[in-house]
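Coordinates in review
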Amino acid sequence: MSGDKIGLMVNNLGGTSQLELYIVAREAVQYLRTVKGAEVDRIYVGTFMTSLEMAGVSITLIHLNEERNKYLDFATTMPGWPSVFGNQEVPEPVDGFDLNKEPGVEAEKIKELTPLGRTIYNCLSQIADTLEANEERLNNLDRLAGDGDCGSTLKRAARGNYMACIYSQNSSFSSKLFFLEV
């Protein structure tokens, strides 16, 4: 890990204050820099995946390279993904989209996608389809320790994010699906 460029994500599990999140982030950065000798290049602090009001945090590390940085730095209008600390531009607000609109894009729109755009489209589609197919199973698991709506929440979030990327004409991410070349 010494000399590696690292991305750090500190996730609020639901019941942790912002002050506590940033204390954990500071300690993690200091540890990674001083003990492990890593260069912490990206820091994400926030509420990404919760378990209702569970106390605590999860910490995720990712080795960074130019390609991963490029994807992490894409401007996004997704509400659950913050701007990275540093000299990133603040994303423009999202124009509204219809959550009740049927998922999928017209065949001619798919033909317009670049190869990377098709890959991203297929990944988002499969994630949304898998969460939708497993909604009740996830709800049943959540009922064992929570309120039983985790599957429904994940399904709605995945479908909403997928549809926002595809249908929001003003979304910078949507534009990248159509024009990005690898």
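Residues numbered from 1 in each chain as written. Predicted model: local features only at pLDDT ≥ 70, side-chain atom pairs only at ≥ 80, totals over all residues. Heavy atoms only, no water.

For the protein, an unreviewed UniProt entry supplies the name Triokinase/FMN cyclase and the organism Paramuricea clavata. On record in UniProt, under Function (unreviewed entry), the comment for the protein is "Catalyzes both the phosphorylation of dihydroxyacetone and of glyceraldehyde, and the splitting of ribonucleoside diphosphate-X compounds among which FAD is the best substrate. Represses IFIH1-mediated cellular antiviral response." (UniProt positions renumbered as here; feature names shortened; annotations may be inferred.)

**Let's talk about the sheet that holds strand β3 (residues 57–63)**
As summarised here, the arrangement of the three strands in space is β2-β1-β3, forming an open sheet in which the pairing is mixed. Lying at the two open borders of the sheet, with one neighbouring strand each, are β2 (39–46) and β3. Between one strand axis and the next, the sheet turns by 15 degrees as a mean value, whatever way the strands run. Bridge analysis of strand β1 (residues 5–12) against β3 gives seven bridges, and the strand direction is antiparallel. Bridged to Val10 within β3 is Ile59. The sheet strands contacting helix α1 (residues 18–34) are β1, β2 and β3, and the helix crosses β1 at an angle near 155 degrees. (Pairing = 2+ DSSP bridges. Helix = DSSP H or I, 4+ residues; strand = E, 2+ residues; numbered from the N terminus. Axes fitted to C-alpha atoms, helices over the stretch in contact; angles between N-to-C directions. Contact = heavy atoms within 4.5 Å.)

**Considering the side chain of Asn139**
Along the chain, Asn139 falls in helix α5 (residues 135–143). Here the side chain of Asn139 touches Gly151 through a polar contact of 2.8 Å, landing on its backbone nitrogen. (Polar contact = N/O pair within 3.5 Å; in protein donor to acceptor, adjacent residues only side chain to side chain.)

**Observations regarding the pattern of salt bridges**
Scanning all chains against the criterion turns up five salt bridges. Across the pair Glu27 and Arg26 runs a salt bridge, and its minimum N-O distance is 3.2 Å. One salt bridge connects Glu135 with Lys155, and the closest N-O pair in it is separated by 3.2 Å. In this pair, Glu135 is assigned in helix α5 and Lys155 in helix α6 (residues 150–167), connecting sequence segments 20 residues apart. (Salt bridge = Lys/Arg side-chain N within 4 Å of Asp/Glu carboxyl O.)

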